[in-house]
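A look at the structure
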Amino acid sequence: MKIKQVILRHLKLDLLEPFTTSFGTEYDRDFILVEAISDDGISGWAESVAMLDPLYNEETLKTNWHILEDYLIPIILKNEIKHPDEISEKYFTHIRGNYMAKAALEGAVWDLYAKKQGASLSNVLGGTKKKIEVGVSIGIKDSIDSTLDIIEARLGEGYKRFKLKIKPGWDVELIDKVRKVYPEIPLMADANSAYTLKDIDRLSALDDFNLMMIEQPLAYNDIIDHADLQSRLKTPICLDESIHSLEDARKAIKLGSCKIINIKIGRVGGLTESKKIHDLCLEHGIPLWCGGMLESGIGRAHNIAITSLPNFTLPGDTAASSLYWAEDITDPEVTVENGMISVPELPGIGYEPSMEKINKYTIHSQTYHLSENVARNA
Ligand code: OSB
Ligand code: MG
């Protein structure tokens, strides 16, 4: 495969509702859309899940643009890529970190590769499921009653799992009240690193509510304290922020830092690394689910494809486009029926990027060709 051109676009979509986590409130979503075009004119698409500010992790839209422009795109334009696995295994190995930037370009090449094979992205990744189960991630609200209203609506729509964002002071009482109204629903909490081991009493109190898991209670870069905490809780800990690679997953499993892992393709540097973590977790009996980063339809399509692998046994965050955006940028948008998404069988990601909508939401774009690049690190 020869990539002759890469286009980066900075898009901005307004969220229908602000989304609040322990690290801040998002009102809109700025992201980079990556289009990789082959010498025979086929386009592969992906998005970077890096946010505008370095609050979830250290990457940002601007750091991603810099790493893509100055390092990753020149490598992809210069080399003949036989299989997308080579990107993380051979071409990007010397560039440290910057997982979301790497995943965005790798993902576009995966889509292109699948389209050239005439196969769905799910298929080329080794996906086996025709339908996936999905849940919702519910942000921190101004009252417990408004959280209950949202749960009621989403339950009615058939969503299979309810994840509530928590932080100190918006935790035990919230979960207690929700459990009183809904004693049986698949319920979990995501702290986005808002606690430390000093909060053991509060975290232990959450152990009494039959939660499916508590996601990332402790520091974003920790697996040691999480192991300590896991040994004191019966509720499974799920790691999100702490896992960036197969190696991180191996160490966390070895230490007993978690019993479940959330895979975000961007956070772990791409689809090839996601597959490897999938296989390791399958071997060790660690269930997986696919996390969300408030993606557009393009990122959602990638999430759907990876979730079709067999060890994604728990419902993920990939909810319908219509819960986030007045209009999404793919045709069709991602829709959910009774808490399930059908895995597309069309070639590639299976959701067509709408150029009309992409152009409408693009703030800035740049096209890269090999001839114009000083491929200094390629
Ligand atoms: O921790 O899973 C998280 C959104 C932004 C940053 C981090 C997280 C999230 C979500 C949103 O929970 C999930 C979604 O896309 O609906
Ligand atoms: Mg999370």
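Residues numbered from 1 in each chain as written. Chains lettered and ligands numbered in written order. Predicted model: local features only at pLDDT ≥ 70, side-chain atom pairs only at ≥ 80, totals over all residues. Heavy atoms only, no water.

**A short note on the sheet that holds strand E9 (residues 237-239)**
Taken in spatial order, the seven strands line up as E5-E6-E7-E8-E9-E10-E11 in an open sheet, and their pairing is parallel. Unpaired on one side and paired on the other, strand E5 (136-138) and strand E11 (288-290) mark the two borders of the sheet. Note that strand E10 (residues 260-263) and E11 share three bridges and pair parallel. If you follow Ile263 over to E11, its bridge partner there is Cys290. (Pairing = 2+ DSSP bridges. Helix = DSSP H or I, 4+ residues; strand = E, 2+ residues; numbered from the N terminus.)

**Overview of the pattern of salt bridges**
Any two side chains of opposite charge can pair, on the condition that their charged atoms come close. Evaluation of the coordinates by the stated rule reveals 23 salt bridges. Asp317 is the partner of Lys163 in a salt bridge, and the nearest nitrogen-oxygen pair spans 2.9 Å. Of this pair, Lys163 sits in strand E6 (residues 162-165) while Asp317 is found in the loop between helix H11 (297-307) and strand E12 (330-331), placing the two residues 154 residues apart along the sequence. Side by side, Lys163 and Asp317 carry an identical accessibility label, which is buried. Across the salt bridge formed by Lys165 and Asp190, the nearest N and O atoms sit 2.7 Å from each other. Here the residue Lys165 occupies a position in strand E6, and Asp190 occupies one in strand E7 (residues 187-190), the gap between them amounting to 25 residues. Asp190 matches Lys165 in its accessibility class, with the two residues each being buried. Each of Arg161, Lys163, Lys165, Asp190, Glu215 and Asp317 takes part in one network of salt bridges that share partners. (Salt bridge = Lys/Arg side-chain N within 4 Å of Asp/Glu carboxyl O. Buried < 20%, exposed > 50% of the residue type's maximum accessible area, 1.4 Å probe, protein only.)

**Concerning the coordination of the magnesium ion (ligand 2)**
Perfect tetrahedral coordination of a metal by four donors corresponds to 109.5 degrees between them, and perfect octahedral coordination by six donors corresponds to 90 or 180 degrees. Bound to the magnesium ion (ligand 2) are the protein donor atoms Asp190 (OD), Glu215 (OE) and Asp240 (OD), situated 2.1 to 2.3 Å from the metal. Mapped onto the sequence, the donors of the magnesium ion (ligand 2) take the spacing D-x24-E-x24-D. Of the two residues, Asp190 sits in strand E7 while Glu215 sits in strand E8 (residues 214-215), which places them 25 residues apart along the sequence. Neither Asp190 nor Glu215 differs from the other in exposure class; each is buried. (Donors = N, O, S within 2.8 Å, 3.2 Å for Na, K, Ca; no water.)

**Structural notes on the nonpolar core**
Membership of the largest hydrophobic core comes to 118 residues, with the highest contact counts inside it found for Ile3, Leu8, Leu105, Ile175, Val178 and Ile329. The residues contacting Ile329, other than those within four sequence positions of it, are Leu11, Leu13, Phe31, Leu33, Ser296, Ile298, Glu352, Pro353, Ser354, Lys357, Ile358 and Tyr361. Of all hydrophobic cores here, the second largest spans six residues; its members include Met188, Cys238, Ile260 and Trp289. (Core = buried A, V, L, I, M, F, W, Y, C linked by side-chain atoms within 4.5 Å. Contact = heavy atoms within 4.5 Å.)

**Some words on H11**
Of all eleven residues making up H11, eleven are buried, and the element is well covered by its neighbours. For H11, the full list of buried residues reads Gly297, Ile298, Gly299, Arg300, Ala301, His302, Asn303, Ile304, Ala305, Ile306 and Thr307.

**Remarks on the packing of aromatic side chains**
Within the structure shown, the criterion is met by three aromatic pairs. Seen from their ring centres, Trp110 and Tyr113 are 6.1 Å apart, and the 90 degrees between their planes marks the pair as edge-to-face. With a gap of three residues between them, Trp110 and Tyr113 both fall in helix H3 (residues 99-117), about one helical turn apart. The class of Trp110 is buried, set by a relative accessible area of 0%. Taking the relative accessible area as the measure of exposure, Tyr113 reaches 13% and is therefore buried. Seen from the ring of Tyr99, Lys102 lies directly overhead, with NZ or CZ sitting 5.9 Å from the centre. It is Arg300 that lies over the ring of Tyr324; its NZ or CZ is 3.8 Å from the centre. (Phe/Tyr/Trp six-rings, centres within 6.5 Å; stacked < 30°, edge-to-face > 60°. Lys NZ or Arg CZ within 6 Å of the ring centre and 35° of its normal.)

**Some details on the site of ligand 1**
Ligand 1 sits among 17 residues. The nearest are Ser137, Lys165, Asn192, Leu294 and Tyr324. The separation between an oxygen atom of ligand 1 and a polar side-chain atom of Ser137 is 2.9 Å. Within the side chain of Asp240, a nitrogen or oxygen atom sits 3.1 Å from an oxygen atom of ligand 1. Grouping the constituent residues of the shell around ligand 1 by class yields seven nonpolar, three polar and seven charged. (Near = heavy atom within 4 Å. Polar contact = N/O pair within 3.5 Å; in protein donor to acceptor, adjacent residues only side chain to side chain. Nonpolar A, V, L, I, M, F, W, Y, C, P; charged D, E, K, R; others polar.)

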